Amino acid sequence: MSESKISADLLRGHTDTMILKLLLAGDKYGYQISKLIYANSGNQYELKEATMYSSLKRLEKEGSITSYWGSENIGGRRKYYKITDLGKNTYEQNKKNWEQAKQILERLL
């Protein structure tokens, strides 16, 4: 298995948390989210569109985010995503869980 495949598999499990982290800074649309993840990873991780939209749909269904349509005056009409208070709590819990898992892995590896 290639190194990039292993990295992608490890990171994919944290897609929801990555998206929530970006939305903490403000509302964003799908393409913007994927480009920010790519840029913030140092151009090493490209979030697949299907994975991202599945995550957005799941987050919205559970109430962690809401969505709305932006104005058509600025380019095409875009669907924006906004984090909710539940989403902020979910992010904090996911980050704590990740920190704990990281500590365990560091001890074991």
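In case you missed it, the structure is sitting above this.
Described in the following lines is the structure provided in the data block. Nothing here was measured: the structure is a model prediction, and the numbers come from that model.

1. Overview of helix α5 (residues 85-108)
Okay, step 1: Taking 1.5 Å per residue as the helical rise, α5 with its 24 residues ought to reach 34 Å, and the 35 Å between its terminal C-alpha atoms agrees with that figure.
Okay, step 2: Restricting attention to buried positions, one finds in α5 the residues G87, T90 and Y91.
Okay, step 3: Of the surrounding secondary structure, the elements contacted by the buried residues of α5 are α2 (15-24), α4 (49-62) and β3 (79-83).

2. Remarks on the pattern of salt bridges
Okay, step 1: On inspection of all chains with the given rule, the structure shows two salt bridges.
Okay, step 2: In this structure, R58 engages D16 in a salt bridge whose closest nitrogen and oxygen atoms are separated by 2.9 Å. Placement of the pair is R58 in helix α4 and D16 in helix α2, with a sequence separation of 42 residues.
Okay, step 3: The buried category is assigned to D16, whose relative accessible area is 18%.
Okay, step 4: In this structure, the salt-bridge partner of E99 is K95, at a minimum N-O distance of 3.3 Å. Here the residue E99 and the residue K95 both occupy positions in helix α5, the gap between them amounting to four residues, near one helical turn.

3. A word on the pairing of β3
In summary, the side chains of a regular strand alternate between the two faces of the sheet.
Okay, step 1: One ladder, built from two bridges, connects strand β1 (residues 28-29) with β3; its direction is antiparallel. When the bridges of β3 are listed, Y29 appears paired with Y80.
Okay, step 2: Judged from the five bridges that link them, strand β2 (residues 65-69) and β3 form a sheet pairing that is antiparallel. In the sheet register, S67 faces β3, and the bridge partner there is Y81.

Calculation notes
- Residues numbered from 1 in each chain as written.
- Predicted model: local features only at pLDDT ≥ 70, side-chain atom pairs only at ≥ 80, totals over all residues.
- Heavy atoms only, no water.
- Helix = DSSP H or I, 4+ residues; strand = E, 2+ residues; numbered from the N terminus.
- Expected span 1.5 Å × (residues − 1).
- Buried < 20%, exposed > 50% of the residue type's maximum accessible area, 1.4 Å probe, protein only.
- Contact = heavy atoms within 4.5 Å.
- Salt bridge = Lys/Arg side-chain N within 4 Å of Asp/Glu carboxyl O.
- Pairing = 2+ DSSP bridges.

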